[in-house]
Amino acid sequence: MKKLKYFLVLFSAFSHLLFSQQKNERTFSEIRENYEKMTIDDVNAIPFVKRYIQKAKRENNQDKLIQGYRDGRQFDYQNKIKYADSALAISTKYGTKDDISKDHLSKGIIFYFYQKKYKLALDQYLKAFEYSKGSKDDYHHHKVIYHLGIVKQHLGYYNEALEHFQDCVTFYSAKPEQKLHDNEQFNYKKAYLNSLHQMTVINRYLKNFSKSDSLSQLGYSLTINDPDFTLENSYFLKCIGISKFHQKDYDMAKKDLKRALPVILKRKDFAWSQVIYYYLGKVSEVQNDPGQAIHYYSKIDTIFEKHHFILPEVYRGYNYLIDYYKDKDVNKQLYYTNQLLKADSLISKDYSYLSLKLHKDYDRKTLIEQKDDLEKASQQKIRFAQILIFLGTIVLGFFIRRYIKDRKIKKQYDLLQKRISEGTYNINDIVQDNTGENTLRKTSLTPEMTLEIRDKLAMFEHELQFIKKGITQKSIANKLNTNSHYLSVYINENKGMNFNKYMAELRINYITNLLNTNNKYLNYTIEALAEECGIAARQNFSNLFFEINGIRPTDYIKNRKKELGIS
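Residues numbered from 1 in each chain as written. Predicted model: local features only at pLDDT ≥ 70, side-chain atom pairs only at ≥ 80, totals over all residues. Heavy atoms only, no water.

Novice: Honestly, the overall build of the protein chain in this entry has me stumped. Any pointers?
Specialist: What the protein chain contains, in helices and strands, is 25 helices and 0 strands. When each of the 567 residues of the protein chain is scored for burial, the buried share is 43%. Put simply, 62% of the contacts in the protein chain that link residues at least 6 apart link residues at least 24 apart. With the model as given, the accessible surface of the protein chain reaches about 31600 Å², and the carbon-plus-sulfur share is 53%. (Helix = DSSP H or I, 4+ residues; strand = E, 2+ residues; numbered from the N terminus. Buried < 20%, exposed > 50% of the residue type's maximum accessible area, 1.4 Å probe, protein only. Contact = heavy atoms within 4.5 Å. Areas by Shrake-Rupley, 256 points an atom, 1.4 Å probe, with all protein chains shown as cover.)

As structure tokens, this is what we get:
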């Protein structure tokens, strides 16, 4: 009996707590109060989110179920895509077009921010844009525009992206017609700060440094000591640090960048982490601290290797790593060379896909929609729109082709410069002379004749006799006191080419080395360069230069001047 009394007392106490908890959380709002003010990716929210979802399922409440999956997407770092897919599936089946658009956008943000999978992100952004047409939700509309601006910025369309972000800053900073809930006020300010940050970055890319500095100082002042916007504060502090680097205030740049890094790392934003590591590496270079420079640049490679992602702004850090390990560690030099090539290939591949997709599915569709609107107004405007679309398509195609061509030319230029620097560019005998008695020879040349022609031909090359116009195989043979047949045999077997190819290689090698070592030749006309190396015709010279070097002389000169900083 006594035990029964104890049991009843304990049961009463626990049941009171149990029913009290159920009572305290009997509504969806009461459950969400436990976590709605937690920071993004806070795992402590997950148990409450799951309780919210379970309640929505029990009550077959589809609106609340969508909200529950969206909450899971916000707080469960490991399962974001899983929750995003669930939210999208329910909103597609039961929600409005606005719901579907929001869930496509959110899924795209996960791909962009957390995984840096730009192709997948852009696909989701474009779907969000399609579903948002005709929506009265201006906040969401500008959110879509913001993320399309992010992709344009990534592609290097800075002026277009700047217009997107300027529109967003104007909208999010304007006073709303009605009073906003605390959460809405937070979202508006966050969107405003993110847009301001992107404007800061783009103005730096466009070399509008004073504008970039004023925007970063504004953003920093708006977020300092505000616990709700510590990440945004770090972004602006990062921009300030980069600005100080360009102003040669290296100590303060290093200090600001290091202050910004921990919060950005904690948020797992490895894109901006890469940028900070890059500029910390640059500071270390300037301060003659190779150990620290290697440390920071290798951090960039660690992120690239783990996430298969790199920004064009930072991959030049590989050049330092390659140069540092040259003659020190051939394995590491080779590793970082391969990494640089992988990074270059990844960036080029991403650019081509994203550029075509964005212009085909967004910019071109926008132009077509504008055409349809104009069609209702007047036939004259229709013709104008058609011309605009046609010209826009031509311009787009031109820029894409030019970009791809420029990338190929730059790659060929780098390969040529590498051959020159490594000493593998000039013509050498491909077979070592061997005059031993047991040597089997393929021709009628005696060992003595082979050695004699080799030495005389070497003198012919050393004295640059090949740059004279009008020389022939016969004239050279006479000069070398041999005959044309023997000379042809020697060149074929020991140089691996016929006479005409041999002369072309000598002349193009000669002029290429002049262009690479003496800047005055970079200002010569193509005709003058052809004259300099003994080639009679401009077109013949250009064709031979391309055939041997894989790049036109005009393109080589352009890239060489760019590398040397010559206008």
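Right, picking up where we left off after that structure.
Novice: Looking at this structure, how should I read the nonpolar core?
Specialist: Here is a general trend for soluble globular proteins: nonpolar side chains tend to be buried in one another's company. Grouped together as the largest cluster of nonpolar side chains are 86 residues, with contacts concentrated most on Tyr172, Ile310 and Tyr318. In terms of residue count, helix α14 (residues 270–286) provides more of this core than any other element does, 10 residues in total. Phe460, Leu487, Ile491 and Met503 belong to the second-largest nonpolar core, a separate cluster that totals 43 residues. (Core = buried A, V, L, I, M, F, W, Y, C linked by side-chain atoms within 4.5 Å.)

Novice: When you look at helix α9 (residues 158–173) in this model, what are you seeing that I'm missing?
Specialist: Given 3.6 residues to a turn, an α-helix orients residues that are three or four positions apart in the same direction. Helix length check: α9, at 16 residues, gives a terminal C-alpha distance of 22 Å against a target of 22 Å (1.5 Å per residue), a fit within 8%. Along α9, the residues classified as buried are Ala161, Leu162, His164, Phe165, Cys168, Val169, Phe171 and Tyr172. (Expected span 1.5 Å × (residues − 1).)

Novice: Whenever I open this one, empty space enclosed by the protein confuses me. Can you help?
Specialist: Regions of empty space are outlined by a rolling probe, equal in size to a water molecule, passed over the atoms. In total, this model carries 1 cavity of 30 Å³ or more according to the counting rule given. Taken together, Thr200, Arg204, Phe209, Ser212, Asp213, Ser216, Cys239 and Ser243 make up the full set of residues lining the largest cavity. Of all the secondary structure elements, the ones that give two or more residues to the lining of the largest cavity are α10 (182–205), α11 (209–223) and α12 (230–246). Ranked by residue count, the leading element in the lining of the largest cavity is α11, at 4 residues. In terms of residue class, the lining of the largest cavity is made up of 2 nonpolar, 4 polar and 2 charged. (1 Å grid on protein atoms, 1.4 Å probe; cavity = no way out; pocket = protein on both sides within 12 Å on 5 of 7 lines; lining within 4 Å. Points joined across faces, edges and corners; volume = space filled by probe spheres on them. Nonpolar A, V, L, I, M, F, W, Y, C, P; charged D, E, K, R; others polar.)

Novice: Sorry, what's going on with the environment of His104 here?
Specialist: One can find His104 in helix α6 (residues 97–114). The sequence separation of His104 and Ser91 amounts to 13 residues, and the corresponding C-alpha distance is 10.0 Å. Discounting chain neighbours no more than four positions away, the residues touching His104 are Leu88, Gln124, Lys127, Ala128 and Tyr131. Reaching out from His104, the side chain makes a polar contact with the side chain of Gln124 at a distance of 2.8 Å. (Polar contact = N/O pair within 3.5 Å; in protein donor to acceptor, adjacent residues only side chain to side chain.)

Novice: Would you explain the packing of aromatic side chains in this entry?
Specialist: Where two aromatic rings form a pair, the distance of their centres and the angle of their planes describe that pair. Summed over the entire model, instances satisfying the criterion amount to 29 aromatic pairs. For the pair Tyr35 and Phe75, a centre-to-centre distance of 5.7 Å together with 85 degrees between the ring planes defines the contact as edge-to-face. Of this pair, Tyr35 sits in the loop between α2 (28–32) and α3 (46–58) while Phe75 sits in helix α4 (residues 62–75), and the two are 40 residues apart along the sequence. Residue Phe75 is classed as buried on the basis of its relative accessible area, which comes to 1%. With a centroid separation of 5.9 Å and 20 degrees between ring planes, the pair formed by Tyr325 and Tyr336 is classed as stacked. With Tyr325 in helix α16 (residues 317–325) and Tyr336 in helix α17 (residues 330–377), this residue pair connects regions lying 11 residues apart in the sequence. (Phe/Tyr/Trp six-rings, centres within 6.5 Å; stacked < 30°, edge-to-face > 60°.)

Novice: I tried to follow the pattern of salt bridges on my own but got confused; where do I start?
Specialist: A side chain of one charge can pair with a side chain of the opposite charge if their charged atoms are brought near each other. Under the counting rule described, the total for this entry stands at 26 salt bridges. A salt bridge links Asp256 to Arg259; its shortest N-O distance comes to 3.6 Å. Taken together, the positions of Asp256 and Arg259, both in helix α13 (residues 250–266) and 3 residues apart, correspond to about one turn of that helix. Judged by relative accessible area, which is 3%, Asp256 ranks as buried. Overlapping salt bridges bring together Arg70, Arg73, Asp99 and Asp103 as one network. (Salt bridge = Lys/Arg side-chain N within 4 Å of Asp/Glu carboxyl O.)

Novice: It is not clear to me how the side chain of Lys55 should be interpreted in this structure. Could you clarify?
Specialist: In this fold, Lys55 is placed in helix α3. Its relative accessible area of 11% is what places Lys55 among the buried residues. A distance of 2.6 Å separates polar atoms of two side chains, one belonging to Lys55 and the other to Glu59. Here Lys55 is in contact with Arg26, Thr27, Phe28 and Ile31, once residues within four sequence places are set aside.

Novice: Would you mind going over helix α15 (residues 290–307) with me for this structure?
Specialist: When the terminal C-alpha atoms of α15 are compared, their 26 Å separation across 18 residues agrees well with the 26 Å that a helix rising 1.5 Å per residue should span. Every buried residue of α15 is listed here: Ala293, Ile294, Tyr296, Tyr297, Ile300, Asp301, Ile303 and Phe304. His308, located one to two residues past α15, shows a positive phi value of around 55 degrees.

Novice: Looking at this structure, I do not really get the packing of α14 against α15. What am I missing?
Specialist: Describing two packed helices takes the angle between their axes plus the distance from one axis to the other. Relative orientation of the contacting elements α14 and α15 amounts to 160 degrees, with a least axis distance of 7 Å. As summarised for this structure, α14 and α15 are arranged roughly antiparallel, according to the angle between their axes. In terms of crossing hand, the pair formed by α14 and α15 is left-handed. Of α15, the residues touching α14 (which contributes Phe270, Ser273, Gln274, Tyr277, Tyr278, Leu280, Gly281, Lys282, Ser284 and Glu285) are Gln292, Ala293, Tyr296, Tyr297, Lys299, Ile300, Ile303, Phe304 and His307. Broken down by class, the residue content of the contact of α14 with α15 amounts to 10 nonpolar, 6 polar and 3 charged. (Axes fitted to C-alpha atoms, helices over the stretch in contact; angles between N-to-C directions. Parallel < 35°, antiparallel > 145°, perpendicular 65-115°, else oblique. Left-handed = near helix turned anticlockwise from the far one by under 90°.)

Novice: Could you clarify how one ought to interpret a nonpolar patch on the surface in this entry?
Specialist: A surface patch of nonpolar side chains, amounting to about 390 Å² of accessible area, comprises Ile387, Phe390, Leu391 and Ile394. Looking at Ile394, the relative accessible area reads 41%, which means it is partly exposed. (Patch = residues over 30% accessible without salt bridge, like charges linked within 9 Å, V, L, I, M, F, W, Y side chains within 5 Å.)

Novice: Looking at this structure, how should I read a positive patch on the surface?
Specialist: A cluster of like positive charges, contributed by Arg402, Lys405, Lys558 and Lys562, occupies part of the molecular surface. Contributing elements (two or more residues each) for the positive patch: α18 (379–422) and α25 (553–564). As for its placement among the helices and strands, Arg402 is situated in helix α18. (Lys, Arg positive; Asp, Glu negative; His and termini not counted. Charge placed at Lys NZ, Arg CZ, Asp CG, Glu CD.)

Geometric descriptors of this kind do not, in isolation, establish any biological role.
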